[in-house]
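Coordinate inspection notes
Here's the letter readout for the chains.
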Amino acid sequence: MSVADALVDAADADGIDFDGLTVAAGDDGYQFRTPDTDAVLTAADLREHADSPYVTNWYYWEHDIGGHDTPRRAFLRWLEGGDDRPVPERYDALDSGHTRHWGELAVTVTHGDAAGSRRYDVRHADDVDADTDTLATYTDPRDARELVKHDDDDGYRPLSTAPSLPHGWAFTDLDGGALVDTIDYVYPATVANWHREREGSLDVDHWADVADRQTGIYGIVSDLDEDALEWAAEACCVDSQCLKRREWDRDEDDALDVPRGDGEFPCREPCSLFVAAARKFTTLEREDTREYTFELTPAEKEQIEDIIGAVADDRTDDIREADVYEGANRYRTRFLRAKRMDDHGLSGTPTYPEDHDDDGDDGDHH
Amino acid sequence: MQALVIVGHGSHLNPGSSEPAYTHADTIRESGAFDEVREAFWKEEPSFRNVLRTLESDEVYVVPLFISEGYFTEQVIPRELRLDDFDPDDWDSDGTDADHVTLEADDVEKTIHYCGPVGTHDSMSEVIVQRASSVTGREEFGDDFGLAVVGHGTERNENSAKAIYYHADQIREMGVFGEVQAVFMDEDPEVDDVTDFFDTADIVVVPLFVSDGFHTQEDIPEDMGLTDDYRTGYDIPTAVDGHDIWYSGAVGTEPLAADVVLERAADAGAPVGDAVDAVREQTRGANAAAGD
Ligand code: SF4
């Protein structure tokens, strides 16, 4: 249906009141109002206004997109500030492309060929200024599944919202539906939960309930104590590890101290990766501490701290081979191992001294 | 609008685990039988917890891409999808008969048709035979070919063995192979001794698993003596104890498995039109046609 036909039809039916445009059929003709126009028009004159930005904008949202109250529509509107910026301002922005970020993605909206239509481009935010010709381009949202499965170093990404999206690709010339499908493959369910949060209906499930619900090998996670839950959230959920904003806590009345993160989209309950990690933390936390005695130089103690820091912050690959000033440098670490470790481990101190009474038995602990 | 959700296990460690779900979902998407088709996973995303809210459809058919009835189909999936009124007794199954139940999910206003797993559907027998065709490149087998259907065994789930016996019995009745045996990874008759159970010169070995992972790619080939070290690979067929063993890898990767997913939904009342025929047409022999 052409925009002009749709306009007259809608005016004759219930009238239009959308994004600054109002059209109503009256006895004298059609009342046509925008912030810049106020006129009573014949049907033929009304058709002449079919190319008004207010009209093409209405047509796009009501005919192309539809889906009132769906997350899809809300997200597409949010991308171009549809709920708070006037149509001419939005159209100006679309002329050169209007970009918003979603996790590590940059989504750019431009005008499409048909009146009022929009096209969408999505890529890694770091590639936002890259010439599209230099990127691998895709148009089928399903390709996103494979594409985001591995990071730039070909490591498997089990957590979709880990800040490790690969670079060098773009989905181009998408319509609204395909754009949302692409986002849904890159960051599954983030749009749906973001929408619920905006509508005030996000159903957060806190740790206590999620842990209680677990069965099988995960049944033990409710034993994770308060401190360990904090450490687990600090390990897995902060912005450097996951771009979701953690909305769950221990329970409704007991918030965790760990920062929630600044992400656009919420995390409504501990994810499967968190639960699986929590299971391991729970078993580790069952061990009692012991006292070990060994000698280290101050530099060696700091070096161990450096190594822990480098692994925890995923910096090992950035430490240059010959940079022996870095504690976590490979040669430095190998030197430390050569000096301080033997078959019994650090400084020759067995992990389980009771298994080593005769010094010939390696024990069965691993 | 109506949607199909394929729910699979997924993995935090093995990136290939979700692939069959994706492939079958794509086949069904292309058939046009549903307005929306989604994959959801226990270990990947979207999670079972979050998948229903990503759909705009109000009728949703949920098909578990699992092999047997048990812990996942009876506890984990219904619980995580918030199908609070689910009761395994509604399936009225003795371990291989789960069909479908219609329920509400607590977090969305949708009607959920929760189906039995693909692994116990009658048509899975055909997929096993098709898998045997794909690995041997044969349309027909005859008396010289035996078929071993491999399962986990009962250690983790009593019904897992039932599904294996069920299909072995069905295929035996089809009369396509000289011999058909059920064998297991962790109980007798063990896959390690597979050649002891067959008189046929050729044995096609098809694991009733959804996706390839260490059981199908590492344990079973080594257990059967196809190779000492799975990393070095093995021939198809490999001669072992005077038999030729044709090892197919997980049956769930066979394109025709998409048909079983679709049939599960159709059995639950999804109006899929002629999509079942279209999908069967497209996926039957799809591997062989690709020269695989
Ligand atoms: S629990 Fe939520 S915030 Fe934490 S890692 Fe999982 S998805 Fe991210």
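In this text, all values refer to a predicted model and were calculated from it rather than measured experimentally.

**Regarding the overall build of chain A**
Within chain A, the secondary structure is distributed over 13 helices and 13 strands. Counting only C-alpha atoms, chain A reaches 105 × 45 × 30 Å along its principal axes. Counting every position in chain A, which comprises 366 residues, the buried fraction comes to 44%. Long-range pairs, those at least 24 residues apart, make up 56% of the contacts in chain A with a sequence separation of at least 6.

**Brief notes about the overall build of chain B**
Each helix and strand in chain B was counted, giving 9 helices and 10 strands. For the C-alpha atoms alone, the extent of chain B along its principal axes is close to 60 × 35 × 35 Å. The buried share among the 292 residues of chain B stands at 62%. In chain B, 71% of the contacts between residues at least 6 apart in sequence involve partners at least 24 apart. When the accessible surface of chain B is split by element, carbon and sulfur atoms take 41% of a total near 11,200 Å². With 17 positive and 65 negative side-chain charges, chain B shows a separation of 7 Å between the mean positions of the two kinds.

**Regarding the pairing of strand S5 (residues 98-102) of chain A**
Residue and element names in this part refer to chain A. Pairing of S5 with strand S6 (residues 105-111) involves 5 bridges; the strand directions are antiparallel. Residue Thr 99 lies in a different strand from S6, and its bridge partner there is Thr 108. Taking the residues between adjacent antiparallel strands as the criterion, S5 and S6 are bridged by 2 residues, where Gly 103 takes a positive phi near 60°.

**Digging into the sheet that holds strand S7 (residues 177-184) of chain B**
Note on sheets: strands pair through backbone hydrogen bonds, and any given pair is parallel or antiparallel. All names here are of chain B. Spatially, 5 strands are ordered S7-S6-S8-S10-S9 in an open sheet, and the strand pairing comes out mixed. The sheet is open, and its two edges are formed by S7 and strand S9 (238-240), each paired on a single side. On average, each strand axis in the sheet is inclined to that of its neighbour by 30°, with strand direction left out of account. Sheet topology places strand S8 (residues 202-207) next to strand S10 (residues 243-247); 4 bridges connect them, and they run parallel. For Val 205, the partnering residue across the bridge sits in S10 and is Tyr 247. Running at roughly 170° to S10, helix H6 (residues 214-223) makes contact with strand S6 (142-151), S8 and S10 of the sheet.

**Looking at the site of the ligand**
Inspection of the region around the ligand gives A:Leu159, A:Cys236, A:Cys237, A:Cys242, A:Lys244, A:Trp248, A:Cys267, A:Pro270, A:Cys271 and A:Phe274 as its neighbouring residues. Here the residues of the shell around the ligand sort into 9 nonpolar, no polar and 1 charged.

**Overview of the UniProt feature "domain: DR2241 4Fe-4S iron-sulfur cluster binding" (unreviewed entry) in chain A**
Per the UniProt record, the feature "domain: DR2241 4Fe-4S iron-sulfur cluster binding" (unreviewed entry) sits at residues 199-280 of chain A. Each end of residues 199-280 of chain A is marked by a C-alpha atom, and these two atoms are 36 Å apart; helix forms 33% of the span and strand 5%.

**Points about the packing of helix H1 (residues 19-31) of chain B against helix H8 (residues 275-283) of chain B**
All names here are of chain B. H8 packs onto H1 with a crossing angle of 125° between their chain directions and a minimal axis gap of 10 Å. Taken together, H1 and H8 sit at an angle that is classed as oblique. In the crossing of H1 with H8, the sense of the turn from one axis to the other is right-handed. Residues Thr 27, Glu 30 and Ser 31 of H1 lie in contact with H8, whose contacting residues are Ala 275, Val 279, Gln 282 and Thr 283. Split by residue class, the contact of H1 with H8 holds 2 nonpolar, 4 polar and 1 charged.

What counts, and where the lines are drawn
Residues numbered from 1 in each chain as written. Chains lettered and ligands numbered in written order. Predicted model: local features only at pLDDT ≥ 70, side-chain atom pairs only at ≥ 80, totals over all residues. Heavy atoms only, no water. Helix = DSSP H or I, 4+ residues; strand = E, 2+ residues; numbered from the N terminus. Buried < 20%, exposed > 50% of the residue type's maximum accessible area, 1.4 Å probe, protein only. Contact = heavy atoms within 4.5 Å. Areas by Shrake-Rupley, 256 points an atom, 1.4 Å probe, with all protein chains shown as cover. Lys, Arg positive; Asp, Glu negative; His and termini not counted. Charge placed at Lys NZ, Arg CZ, Asp CG, Glu CD. Pairing = 2+ DSSP bridges. Axes fitted to C-alpha atoms, helices over the stretch in contact; angles between N-to-C directions. Near = heavy atom within 4 Å. Nonpolar A, V, L, I, M, F, W, Y, C, P; charged D, E, K, R; others polar. UniProt positions renumbered as here; feature names shortened; annotations may be inferred. Parallel < 35°, antiparallel > 145°, perpendicular 65-115°, else oblique. Left-handed = near helix turned anticlockwise from the far one by under 90°.

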